[in-house]
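# Overview (structure and organization)
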Amino acid sequence: MAISPAVPGKAQVQNPPDEVAVRPPADPRNDRLLESPIFIISPVRSGSTLLRSILNAHSQLHAPHELHVRRLSVGFGTSLAERAMAALGHNRADLEHLLWDRVLHRELVRSGKRFIVDKTPANAFAYQRIATCWPDARYIFLLRHPASIATSWHEASPEKRTYDEAVADALRYMKAVQRARKALTGHTVRYEDLTEEPERETRGICEFLGIPWEPGMLEYGEQTVLQKGLGDWKDKIRSGSVQPGRSLPDPGSVPEALKPICRNWDYLSKSERRI
């Protein structure tokens, strides 16, 4: 099963060198240590750090900081090594999948919990590769008003990107998330609903995952990793409990470039959707 996604922009899916076949595990029972890993598929600045903090407070879920395992690659070094692995039935993609699985499994074992949750936003660009690596993976799609995402993305590093650049860059993530939602089965959560009714939304997530709801999820406490580049480090996350989200943007302030995805995600009123 060869996968060659054509995703525009800087954060493209990285297929293995030499365009080797990306395929499911030949022997899932022996090739994968992880059982039903959970991936939060979301754009940047959509509340994924809040959601992972909430989930990490559950006794069965380990949700560490962003892991970026899909960027871990394998090199043979010599043609003899490549031939040796081929004789065992492994190509480069197979070996990378073994590496990714081992890294996540080690982190999970060290936590003492049952399931691992990865919330790296860039995973949206690699959903096909992730789904192929772990056929039993489960997905939580986290949405937020596109204009709020763009504003937060700009505010995170205003010296790095203008507002218009933030709109364009964040839109790439949103489109990737939408492609993943069409291709994969999962559970959708909206950031606005999560901050407004956290108990209802977390109960829905737990039902989807087949685990009991725990009230401690709503008071997730101090976070061990608060570092730019590995998730949100702002005061709302530091508070240790779910805080109200910002007000929804005025419809008239939504950039034209974001209106199609706003309509797709049902963030515009019926009258506005007809425009």
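Thresholds, definitions, all that
- Residues numbered from 1 in each chain as written.
- Predicted model: local features only at pLDDT ≥ 70, side-chain atom pairs only at ≥ 80, totals over all residues.
- Heavy atoms only, no water.
- Helix = DSSP H or I, 4+ residues; strand = E, 2+ residues; numbered from the N terminus.
- Buried < 20%, exposed > 50% of the residue type's maximum accessible area, 1.4 Å probe, protein only.
- Contact = heavy atoms within 4.5 Å.
- Pairing = 2+ DSSP bridges.
- Axes fitted to C-alpha atoms, helices over the stretch in contact; angles between N-to-C directions.
- Parallel < 35°, antiparallel > 145°, perpendicular 65-115°, else oblique.
- Left-handed = near helix turned anticlockwise from the far one by under 90°.

With that settled, consider the environment of V167. Counting through the fold element by element, V167 comes out in helix α7 (residues 163–183). Relative accessible area serves as the criterion here: at 5%, V167 is assigned to the buried category. Along the sequence, V167 and W153 sit 14 residues apart, while their C-alpha atoms lie 8.1 Å from each other. Once residues lying within four places of it in the same chain are set aside, the contact partners of V167 are A150, P255, A257 and L258.

Once that is clear, we can look at the sheet that holds strand β2 (residues 61–62). Taken in spatial order, the five strands of this open sheet run β2-β3-β1-β4-β5, and their pairing is parallel. Whereas interior strands pair on both sides, the edge strands pair on one side only; in this sheet they are β2 and β5 (187–190). Examined bridge by bridge, strand β4 (residues 138–143) and β5 share four bridges and lie parallel to one another. For F141, the partnering residue across the bridge sits in β5 and is T188. In this fold helix α4 (residues 92–111) packs onto β1 (38–41), β2 and β3 (115–118), with an angle of close to 125° to the strand it touches most, β3. Packed onto the sheet, helix α9 (residues 198–209) meets β1, β2, β4 and β5 and runs at close to 160° relative to β4.

Take the packing of helix α6 (residues 146–156) against α7 next. Two numbers describe how α6 lies on α7: the axes approach to 8 Å, and their chain directions differ by 125°. Compared by their axis directions, α6 and α7 come out oblique. Between α6 and α7 lies a crossing whose hand is right-handed. Of α7, the residues touching α6 (which contributes P146, A147, I149, A150, T151, W153 and H154) are Y163, A166, V167, D169, A170 and M174.

Honestly, it's all geometry; don't read function into it.
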